[in-house]
Amino acid sequence: MKNKKRFLALFLLLVVGISILIYQQQTNAETVKVKIGQSNQFTKDEINAAVSTVKEQFKSYKGCTLTDIWYSEKDSLAVTKEYMNYGGGYETVVGDKNVLVLLSNFKVDSSGGNGSWKPNSTQTKYTWTLIRNNEKGKWRVKQTEDNYTDADNVKVRIGQSKKLTKNDIKTAFETVKKDFKKDENNEGCTITELHYSEFQAIDADTIEAYMEDKNAIVVYATIKTGPSVVGGWEPNKTMVNFSWTLVRDSKNGKWRIKGGGYA
């Protein structure tokens with residue numbers, strides 16, 4: 001009789017435990033804030049389908065918790081334009097009406113996720129570019145980008161890479177900033193944004209000979225010039241997609257700038 005009571009007690013405890021776990025999972029899923037702005041490009045059903053695709057893919061982000069996901073037509077069109085011009089969109093036949101961009105925020109636990117992010121941090125405006133074959137097709141994530149402002153108040157965007165780690169890209173950014181600051185010809189100029197896109201880099205003629213090598217990278221920047229500049233810069237301009245080609249001798253070597261300008 002006592003054994004039966006113990007078995008029943010353990011069974012009830014197990015049922016309660018499973019119920020709590022299921023409830024927590026449902027609660028966690030419901031805590032993701034979804035905001036869909038007005039759109040002339042897509043219906044709410046189309047955008048919601050893209051949101052579901054992102055949520056599903058996010059499950060592979062170990063140690064991370066998705067908190068916000070939203071659609072902004074303005075932001076989506078801006079990234080879509082860049083993707084279609086430089087990000088590989090020109091190689092497809094999907095057309096810009098089959099490219100949709102979502103933004104998200106997520107929390108990273110003490111493990112640092114998969115090692116790509118700072119432990120116990122919050123990642124904001126993480127960008128997801130989704131494409132589909134046609135208007136009846138299913139969305140799939142084509143590329144993602146980290147977005148943050150670094151210690152020097154420079155806006156940073158890091159796209160996913162098959163050949164380089166995020167640390168490789170970050171150290172290349174630091175090399176560019178230091179070299180730019182040291183060059184007297186850049187007096188009166190400020191780097192406001194640094195960007196790495198593997199699709200865009202492959203398209204750049206300056207890197208074409210090096211793309212098979214993991215010891216080469218192209219970094220893109222937005223540069224603002226002041227009223228008084230030297231070195232051939234035009235005053236009071238915003239220079240977009242200025243690029244630097246960097247190389248190194250080995251995986252553990254230091255980046256050095258090989259050339260710069262507009263590809």
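Report follows, based on the coordinates. Fair warning: this is a prediction, and the values are worked out from it, not measured in the lab.

### Some points on the sheet that holds strand β5 (residues 140–149)
Within a sheet, adjacent strands bond to each other through the backbone by hydrogen bonds, running parallel or antiparallel. Pairing in this open sheet of 10 strands is mixed, and the strands run β1-β2-β3-β4-β5-β6-β7-β8-β9-β10 from one edge to the other. Both outer strands of the open sheet, β1 (33–36) and β10 (256–261), are each paired with one neighbouring strand and no more. Pairwise comparison of adjacent strand axes, ignoring direction, gives a mean angle of 30° for this sheet. The pairing of strand β9 (residues 238–247) with β10 spans 5 bridges and is antiparallel. Counterpart to W244 in the pairing with β10 is G260. Where helix α3 (residues 73–85) meets the sheet, its contacts fall on β2 (64–71), β3 (99–108), β4 (122–131), β5, β6 (155–159) and β7 (189–196), and the angle it forms with β3 comes to roughly 110°. The sheet strands contacting helix α4 (residues 166–182) are β5, β6, β7, β8 (216–225), β9 and β10, and the helix crosses β7 at an angle near 165°.

### Quick word on α4
Here α4 contains 17 residues, and its C-alpha end-to-end distance of 25 Å stays within 8% of the 24 Å for a straight helix at 1.5 Å per residue. Taken residue by residue, α4 has D168, I169, A172, F173, V176, K177 and F180 as its buried positions. On its buried side, α4 packs onto β6, β7, β8, β9 and β10.

### Here we look at the nonpolar core
Ranked by size, the top nonpolar core spans 24 residues in total, and within it I191, I217, I223 and W244 carry the most contacts. The set of elements that each furnish at least two residues to this core consists of β6, α4, β7, β8 and β9. In terms of residue count, the dominant contributor to this core is α4 (5 residues). Discounting residues that sit within four places of it in the chain, I223 has contacts with F180, C189, T190, I191, W233, K237, T238, M239, F242 and W244. In this structure, V32, F58, L100 and L102 belong to the second largest nonpolar core, which totals 22 residues.

Cut-offs used in this document
Residues numbered from 1 in each chain as written. Predicted model: local features only at pLDDT ≥ 70, side-chain atom pairs only at ≥ 80, totals over all residues. Heavy atoms only, no water. Pairing = 2+ DSSP bridges. Helix = DSSP H or I, 4+ residues; strand = E, 2+ residues; numbered from the N terminus. Axes fitted to C-alpha atoms, helices over the stretch in contact; angles between N-to-C directions. Contact = heavy atoms within 4.5 Å. Expected span 1.5 Å × (residues − 1). Buried < 20%, exposed > 50% of the residue type's maximum accessible area, 1.4 Å probe, protein only. Core = buried A, V, L, I, M, F, W, Y, C linked by side-chain atoms within 4.5 Å.

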